[in-house]
Amino acid sequence: MSSSVVTVVAPVNIAVIKYWGKRDEELILPLNDSVSATLDTSVMCAKTSVFASSNITCNEIWLNGKKESFSNKRLINCLDAIKSIAAKEKSVDDDFLSWNVRVCSVNNFPTAAGLASSAAGYACLVTALAKLYNLKSDVSCVARLGSGSACRSVYGGFVQWHAGTDPSGKDSVATQIAEASHWPEMRALILVVGDKAKKTSSTRGMNITAQTSELLKHRIQHCVPQRTTSIIQSIKERNFPKFAEITMKDSNQFHAVCMDSYPPFVYLTEVSHKIIEIIHKYNDLCGGIKVAYTFDAGPNACLYLLEEEVPKMISIIKHFFPSTTPDNLVTGLESTSELVSSDFLEKLAVTAETKKDLIKNVIYTKVGQGPTEVTDGSHLLDEHGLPLNNIE
Ligand SMILES: Nc1ncnc2c1ncn2[C@@H]1O[C@H](COP(=O)(O)OP(=O)(O)OP(=O)(O)O)[C@@H](O)[C@H]1O
Ligand SMILES: C[C@@](O)(CCOP(=O)(O)OP(=O)(O)O)CC(=O)O
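Counting restarts for each chain: residues are numbered from 1 in the order of the written sequence. Written order decides the labels, with chains lettered from A and ligands numbered from 1. Thresholds applied to this predicted model are a pLDDT of at least 70 for local features of residues and 80 or more for the giving and counting of side-chain atom pairs; totals over whole chains, interfaces and linings are not thresholded and use all residues. To obtain the side-chain values, all non-hydrogen atoms of the structure were included, while hydrogens and water were left out.

## Details of the overall build of the protein chain
Then, in step 1: A count of helical and extended segments in the protein chain gives ten helices and 17 strands.
Then, in step 2: Taking the principal axes of its C-alpha atoms as reference, the protein chain extends roughly 70 × 45 × 40 Å.
Then, in step 3: Under the scheme applied here, a residue whose accessible area is under 20% of the maximum for its type counts as buried, over 50% as exposed, and between as partly exposed, the area being computed with a 1.4 Å probe on protein chains only. In the protein chain, which comprises 392 residues, the proportion classed as buried is 55%.
Then, in step 4: Nonlocal contacts in the protein chain, meaning residues at least 24 apart in sequence, comprise 78% of its contacts between residues at least 6 apart.
Then, in step 5: Accessible area of the protein chain: about 16,900 Å², with a carbon and sulfur share of 51%.
Then, in step 6: Both charge centroids of the protein chain, one from 39 positive and one from 42 negative side chains, sit 3 Å from each other. Secondary structure is summarised from DSSP: a helix means a run of H or I of at least four residues, a strand means a run of E of at least two, and numbering begins at the N terminus for each. Throughout, a residue-residue contact means that at least one pair of heavy atoms, one from each residue, lies within 4.5 Å. Per-residue and other accessible areas follow the Shrake-Rupley method at a 1.4 Å probe size, with only the shown protein chains counted as cover for residues. His is not counted here, nor are the chain ends, while Lys and Arg score as positive and Asp and Glu score as negative. Charged groups are reduced to one reference atom each: NZ for lysine, CZ for arginine, CG for aspartic acid, CD for glutamic acid.

Dropping the structure here:
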């Protein structure tokens, strides 16, 4: 006896108020609220197929074309939590609950490189399993068990993850602030500076920070609560300068708490710092905030900006970070004309890099929907639950 294959695509999300530090490592409960925008799955996504059968002898997973061990505790916690909700809701019969599962997932962007692959990956897995087991409940708290930031990828648009206070984690859930269509001009440019796995994982980094940083205590008590309220208001009012200023300040403070940790660790590189310098000078020359940067646990920048600024920003990036293949630098955008005058570029007073390809790729995207089920039959597992397409 077998189920049919269920396939889901899920988005990444990039936080504007950062989650950094846990109050419970096992249940993945954060020390502070966080806020993010969910990005369009037509550009960056995880895709996951799941299948259950009485004929499978143990749970199996293939990730990005390779078989991986299912002994990963976070993976097991997610599957167990889904099964326990299914048992409570009586959404499937006991036989079905006793079957093992096969999972096959791919990300269409680098994994474990600070591009929120775990957020998209676990939101995708949990949504696919919730459909397989016919669940009705909110699953953001299950996605959270895979990776904290994954709970925000369960919703589209602008999302808040409430830290909650209950030790069980029942109030540590994500809710939508506004749908993607609420602010249709909002865009994101992801500047890929490095696509290699990072030295200090988010999980380890936030553990060191939570144990040692004095600045983190100040951040949690005196900065994040006010910033969260203000940024939610800026989203509701579509007030870009306010949204952008809070976003940049919060990114800077997150990287400051990494430096305030003992031992300290850094995610930003010289290229990241140069991007920061360019954005500040650009905003100054424009006479108002037009672009915001934010950096997660890696050197890659996510720029939030309104659609009208995109061609100018891309010209600027191409000017200061020369590429050996400038026509192929940007993914997701047809073409851009050089809209920035040489006079303007000179006034920015930034030295252009001579070394090429310091920015490897620019991903152009926008705010998008939450996870969706794939209905065109493009599954990653066949009808027996075996991986399709040359998977080892
Ligand atoms: N599609 C997926 N399905 C299931 N698990 C995934 C998937 N993609 C990534 N993961 C899990 O997430 C891990 C990577 O998480 P990690 O937090 O190190 O990187 P990241 O999410 O890319 O970066 P960051 O969270 O700092 O933005 C992988 O090793 C894997 O265990
Ligand atoms: C810097 C961040 O991207 C940290 C993300 O951390 P993770 O969600 O990857 O950490 P774990 O809960 O330990 O899996 C900020 C954010 O997304 O809010």
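Now that the structure has been shown, we can carry on.
## Looking at the pattern of salt bridges
Then, in step 1: One side-chain nitrogen of Lys or Arg within 4 Å of one carboxyl oxygen of Asp or Glu is enough to make a salt bridge. Considering all chains together, one arrives at 16 salt bridges under this definition.
Then, in step 2: Here lysine 274 and glutamate 353 are joined by a salt bridge, their closest N and O atoms 3.2 Å apart. On the criterion of sequence distance, the pair formed by lysine 274 in helix 8 (residues 270-286) and glutamate 353 in the loop between helix 10 (342-347) and strand 16 (361-366) is long-range, its members being 79 residues apart.
Then, in step 3: For glutamate 353, a relative accessible area of 25% translates into the label partly exposed.
Then, in step 4: Notably, a salt bridge pairs glutamate 277 with lysine 281, separated by 2.9 Å at the nearest N-O pair. Here glutamate 277 pairs with lysine 281, and both are found in helix 8, just four residues apart, close to one helical turn.
Then, in step 5: A relative accessible area of 33% places glutamate 277 in the partly exposed class.

## Some points on the site of ligand 1
Then, in step 1: Of all residues adjacent to ligand 1, which total 16 residues, the nearest are Ser105, Ala116, Ser117, Ser118 and Lys198.
Then, in step 2: Polar contacts, as counted here, are pairs of nitrogen or oxygen atoms within 3.5 Å of one another; within protein the pair requires one atom able to donate a hydrogen and one able to accept it, and residues that are adjacent in sequence qualify only if both atoms are side-chain atoms. At 3.0 Å from an oxygen atom of ligand 1 is found a side-chain nitrogen or oxygen belonging to serine 202.
Then, in step 3: Contact with the protein chains removes 82% of the 640 Å² of surface that ligand 1 exposes when unbound.
Then, in step 4: In the cavity and pocket records, a cavity denotes points on a 1 Å grid over the protein atoms alone where a 1.4 Å probe fits but cannot get out, a pocket denotes an open set with protein on both sides within 12 Å along at least 5 of 7 lines, and lining residues are residues with an atom within 4 Å of a point. Pocket or cavity membership: a molecule qualifies when more than half of its atoms sit within 2 Å of the grid points of that site. More than half of the atoms of ligand 1 fall within 2 Å of the grid points belonging to the largest pocket.
Then, in step 5: Taken together, the elements giving at least two residues each to the shell around ligand 1 come down to strand 9 (100-107) and helix 3 (117-132).
Then, in step 6: The biggest single contributor to the shell around ligand 1 is helix 3, with four residues.
Then, in step 7: Split by domain, the shell around ligand 1 shows at least three residues from each of two domains, domain 1 (6-179) and domain 2 (186-366). Any residue with a heavy atom positioned within 4 Å of a molecule or strand is treated as near that molecule or strand. How far each domain reaches was decided by an automatic or database domain assignment.

## Topic: the packing of aromatic side chains
Then, in step 1: Any Phe, Tyr or Trp ring, taking Trp's six-membered ring, that has another such ring centre within 6.5 Å forms a pair; planes under 30 degrees apart are called stacked, those over 60 apart edge-to-face, and the others tilted. The tally for this structure, following the rule as stated, stands at 15 aromatic pairs.
Then, in step 2: Summarising the aromatic geometry, the rings of tryptophan 20 and phenylalanine 254 are spaced 4.7 Å apart at their centres and angled 55 degrees between planes, so their arrangement reads as tilted. Residue tryptophan 20 is located in the loop between strand 2 (13-17) and strand 3 (22-24), and its partner phenylalanine 254 is located in helix 7 (residues 240-259); the two are separated by 234 residues in the primary sequence. Across this residue pair, the class does not change: tryptophan 20 and phenylalanine 254 are buried.

## Focus: the side chain of lysine 83
Then, in step 1: Note that lysine 83 resides in helix 1 (residues 73-89).
Then, in step 2: An unpaired buried charge is present at lysine 83: no salt bridge exists, and aspartate 80, the closest side chain of opposite charge, is 6.3 Å distant.
Then, in step 3: In this structure the side chain of lysine 83 is engaged in a polar contact, spanning 3.1 Å, whose partner is the backbone oxygen of tryptophan 99.
Then, in step 4: With sequence-adjacent residues up to four places away left out, lysine 83 is seen in contact with Leu97, Trp99 and Tyr133.

## Topic: empty space enclosed by the protein
Then, in step 1: Grid points are joined across faces, edges and corners, and a volume is the space filled by probe spheres set on the points. Inspection of the entire model under this criterion finds two cavities of 30 Å³ or more.
Then, in step 2: In this structure, the largest cavity spans a volume of roughly 40 Å³.
Then, in step 3: What lines the largest cavity is simply Ile14, Gly114, Leu115, Ile190, Thr294, Phe295, Asp296, Asn300, Ala301 and Cys302.
Then, in step 4: At the level of secondary structure, the elements contributing two or more residues to the lining of the largest cavity comprise strand 13 (291-295) and strand 14 (301-306).
Then, in step 5: Just so you know the grouping, Ala, Val, Leu, Ile, Met, Phe, Trp, Tyr, Cys and Pro go in nonpolar, Asp, Glu, Lys and Arg go in charged, and all remaining residues, Gly too, go in polar. Broken down by class, the residue content of the lining of the largest cavity amounts to six nonpolar, three polar and one charged.
Then, in step 6: Here the lining of the largest cavity spans two domains, and each of domain 1 (6-179) and domain 2 (186-366) adds at least three residues to it.
Then, in step 7: Here the second largest cavity defines a volume of roughly 30 Å³.
Then, in step 8: Taken together, the elements giving at least two residues each to the lining of the second largest cavity come down to helix 8 and helix 9 (310-320).
Then, in step 9: No other element matches helix 8, which puts three residues into the lining of the second largest cavity.

## Section: the packing of helix 1 against helix 3
Then, in step 1: To define axes, lines are fitted to C-alpha atoms, for helices over the stretch in contact only, and angles between the resulting N-to-C directions are given on a 0 to 180 degree scale. Packing of helix 1 against helix 3 brings their axes to within 10 Å, and their N-to-C directions diverge by 30 degrees. Regarding the angle of helix 1 to helix 3, the classification is roughly parallel. The two elements helix 1 and helix 3 cross, and the hand of that crossing is right-handed. Residues Arg74, Leu75, Cys78, Leu79 and Ile82 of helix 1 form the contact with helix 3, whose own contacting residues are Tyr122, Leu125, Val126, Leu129 and Ala130.
Then, in step 2: Classifying every residue of the contact of helix 1 with helix 3 by side-chain character gives nine nonpolar, no polar and one charged. In this scheme, roughly parallel covers angles under 35 degrees and roughly antiparallel covers those over 145, while 65 to 115 is roughly perpendicular and the rest are oblique. Take the far helix as the reference: if the near one is turned anticlockwise from it by less than a right angle, the crossing is left-handed, and if turned clockwise, right-handed.

## Thoughts on the pairing of strand 2
Then, in step 1: Burial analysis of strand 2 places five of its five residues in the buried class, the great majority of the element.
Then, in step 2: Examined bridge by bridge, strand 2 and strand 5 (residues 34-38) share four bridges and lie antiparallel to one another. Note on strand 5: the bridge partner recorded for isoleucine 17 is valine 35. The pairing criterion is simple: DSSP has to find at least two bridges between the two strands.

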